[in-house]
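# Coordinates in review
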Amino acid sequence: MKYAFLLMLIMSFSAYAEDKSVWDGVYTQTQAEAGKAGYERSCISCHADKEGEVAGHGPAPAIIGEEFMYRWTDTSVADLLDVIRQTMPEAAPNSLSGEEYAAITAYVLLLNGFPAGNRVIDPMEREELMMTYIEEAPAL
Ligand code: HEC
């Protein structure tokens, strides 16, 4: 009896820990605003900041809207942050600080319509970011 209760408690904790998505408010408005400045400095020459727009002259993919969801659904914020840090900006990967990459990632989430909230994308909180999934809007 006692063990059954403990088991339930443990299971509900782990369910809670896994149950995060970009719809839960995983970045703050302030963080995204810091990221906007970084995005305009380092990204906008190749990636637009409006859905359906193409920036620059190169073959940079759109990272807003349908294209974004096609590529990133069921991956995590950690995956997105890693790809941005390890491959972007194209000519100088890994050239910004961890904080700047986190802020730019927050801004990319904002551009994609995911809500701001109370949490901050903290590159040191790897596990949390790995458990925060990029998903379609939850059904109401
Ligand atoms: C010089 C042009 C250029 C700049 C500047 C640039 N990118 Fe890219 N980006 C590309 C190209 C080209 C690709 C596709 C090839 C690749 O994935 O390496 C790409 C791919 C990506 C992808 C993956 C695409 C996908 O399928 O979702 C993301 C995310 C991304 N860029 C974000 C950024 C961010 C954030 C910045 C600013 C820190 C940035 N890029 C700066 C050219 C650029």
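This write-up is about the structure you can find in this document. (Residues numbered from 1 in each chain as written. Predicted model: local features only at pLDDT ≥ 70, side-chain atom pairs only at ≥ 80, totals over all residues.)

### Thoughts on the overall build of the protein chain
The condition that has to hold: By definition, any uninterrupted DSSP run of H or I lasting at least four residues is a helix, any uninterrupted run of E lasting at least two residues is a strand, and each is numbered from the N terminus. Counts of 20 or more other C-beta atoms within 10 Å of a residue's own C-beta define buried residues, counts of 12 or fewer define exposed ones, and intermediate counts define partly exposed ones; C-beta atoms are placed from the backbone.
The helix and strand inventory of the protein chain stands at six helices and two strands. Seen in sequence order, the protein chain has helices and strands lined up from the N terminus as α-β-α-α-α-α-α-β. In the protein chain, which comprises 140 residues, the proportion classed as buried is 26%.

### Quick look at the site of the ligand
Definition in use: Defining nearness, a residue is near a molecule or strand when the C-beta atom obtained from its backbone falls within 6 Å of it. Here the term charged refers only to Asp, Glu, Lys and Arg, the term nonpolar to Ala, Val, Leu, Ile, Met, Phe, Trp, Tyr, Cys and Pro, and the term polar to all other amino acids, Gly among them.
Inspection of the region around the ligand gives 21 residues, with Cys-43, Cys-46, Ala-60, Met-88 and Pro-89 positioned closest. Of all the secondary structure elements, the ones that give two or more residues to the shell around the ligand are α3 (66-72), α4 (77-87) and α5 (98-111). For the shell around the ligand, the residue count by class is 14 nonpolar, five polar and two charged.

### Overview of the packing of α4 against α5
Put simply, the rule is: Lines fitted to C-alpha atoms define the axes, with helix axes restricted to the stretch in contact, and inter-axis angles between N-to-C directions lie between 0 and 180 degrees. Working rule for angles: under 35 degrees goes down as roughly parallel, over 145 as roughly antiparallel, 65 to 115 as roughly perpendicular, anything else as oblique. For any pair of crossing helices, the crossing counts as left-handed if the nearer helix is rotated counterclockwise from the farther one by less than a right angle, and right-handed if it is rotated clockwise. Placing a C-beta atom from the backbone of each residue, one calls two residues in contact when those atoms lie within 7 Å.
At a closest axis distance of 10 Å, the pairing of α4 and α5 adopts a crossing angle of 120°. By the criterion of interaxial angle, the relationship of α4 to α5 is oblique. α5 is crossed by α4, and the crossing has right-handed handedness. Contact with α4, carried on its side by Val-77, Leu-80, Leu-81, Ile-84 and Arg-85, involves Tyr-101, Ala-102, Ile-104 and Thr-105 of α5 and no other residues of that element.

Everything listed here is a matter of coordinates, which is why it stays silent on function.
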